[in-house]
Amino acid sequence: MKIIDRADIFRAIEFERERQEMLHPIPWNKISEDKEVTAMANYINTNEMLAILIEEIGEVGRALQGESDLAEELIHVAAVAVRWLENLK
């Protein structure tokens, strides 16, 4: 994947976000009338998102070793960060 300009980058991130939603449509943050339930769901989801982001960063490291496309892996990292931002409570 060859990214040329910022508009192409943002389109690629949006495309990856849509792909993520199709593959993993489960909402990350759950709202409950019980504040403790909501707090626990947000804590678990924060840890899950951190683990996913770290895994994607690991793939960037492998791309630096020539095992995959660096631009594609960076797009994945950005898309995961966007998903996390979209679901902050």
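Heads up: the structure comes first, above all this text.
Note that the coordinates shown come from a computational prediction; the quantities given were computed from them, not determined experimentally.

Asker: Tell me about the side chain of arginine 17, residues and numbers included.
Answerer: Its place among the elements puts arginine 17 in helix H1 (residues 6-23). A distance of 2.8 Å separates a polar atom in the side chain of arginine 17 from a polar atom in the side chain of glutamate 21. With residues near it in sequence (within four places) discarded, arginine 17 still touches Ala79, Val82, Arg83 and Glu86.

Asker: With reference to specific residues and values, describe a nonpolar patch on the surface.
Answerer: Taken together, the side chains of Leu64, Leu70 and Leu74 make up a nonpolar region of the molecular surface, amounting to roughly 280 Å² of accessible area. Residue placement: leucine 64 occurs in helix H2 (residues 35-64). Accessibility expressed as a relative area gives 62% for leucine 64, which makes it exposed.

Asker: Outline the packing of H1 against helix H3 (residues 70-86), supporting the account with residue identities and numerical values.
Answerer: The geometry of H1 relative to H3 is characterised by a closest axis approach of 9 Å and an angle of 65° between their N-to-C directions. Overall, the two elements H1 and H3 adopt an arrangement that is roughly perpendicular. For the pair H1 and H3, the sense of crossing is right-handed. Contacts between H1 and H3 involve Ile9, Ala12, Ile13, Glu16, Arg17, Arg19, Gln20 and Glu21 on the former and, on the latter, Ile75, His76, Ala78, Ala79, Val80, Val82, Arg83 and Glu86.

Criteria and thresholds
Residues numbered from 1 in each chain as written. Predicted model: local features only at pLDDT ≥ 70, side-chain atom pairs only at ≥ 80, totals over all residues. Heavy atoms only, no water. Helix = DSSP H or I, 4+ residues; strand = E, 2+ residues; numbered from the N terminus. Polar contact = N/O pair within 3.5 Å; in protein donor to acceptor, adjacent residues only side chain to side chain. Contact = heavy atoms within 4.5 Å. Patch = residues over 30% accessible without salt bridge, like charges linked within 9 Å, V, L, I, M, F, W, Y side chains within 5 Å. Areas by Shrake-Rupley, 256 points an atom, 1.4 Å probe, with all protein chains shown as cover. Salt bridge = Lys/Arg side-chain N within 4 Å of Asp/Glu carboxyl O. Buried < 20%, exposed > 50% of the residue type's maximum accessible area, 1.4 Å probe, protein only. Axes fitted to C-alpha atoms, helices over the stretch in contact; angles between N-to-C directions. Parallel < 35°, antiparallel > 145°, perpendicular 65-115°, else oblique. Left-handed = near helix turned anticlockwise from the far one by under 90°.

Read these as geometric descriptors, not functional statements.
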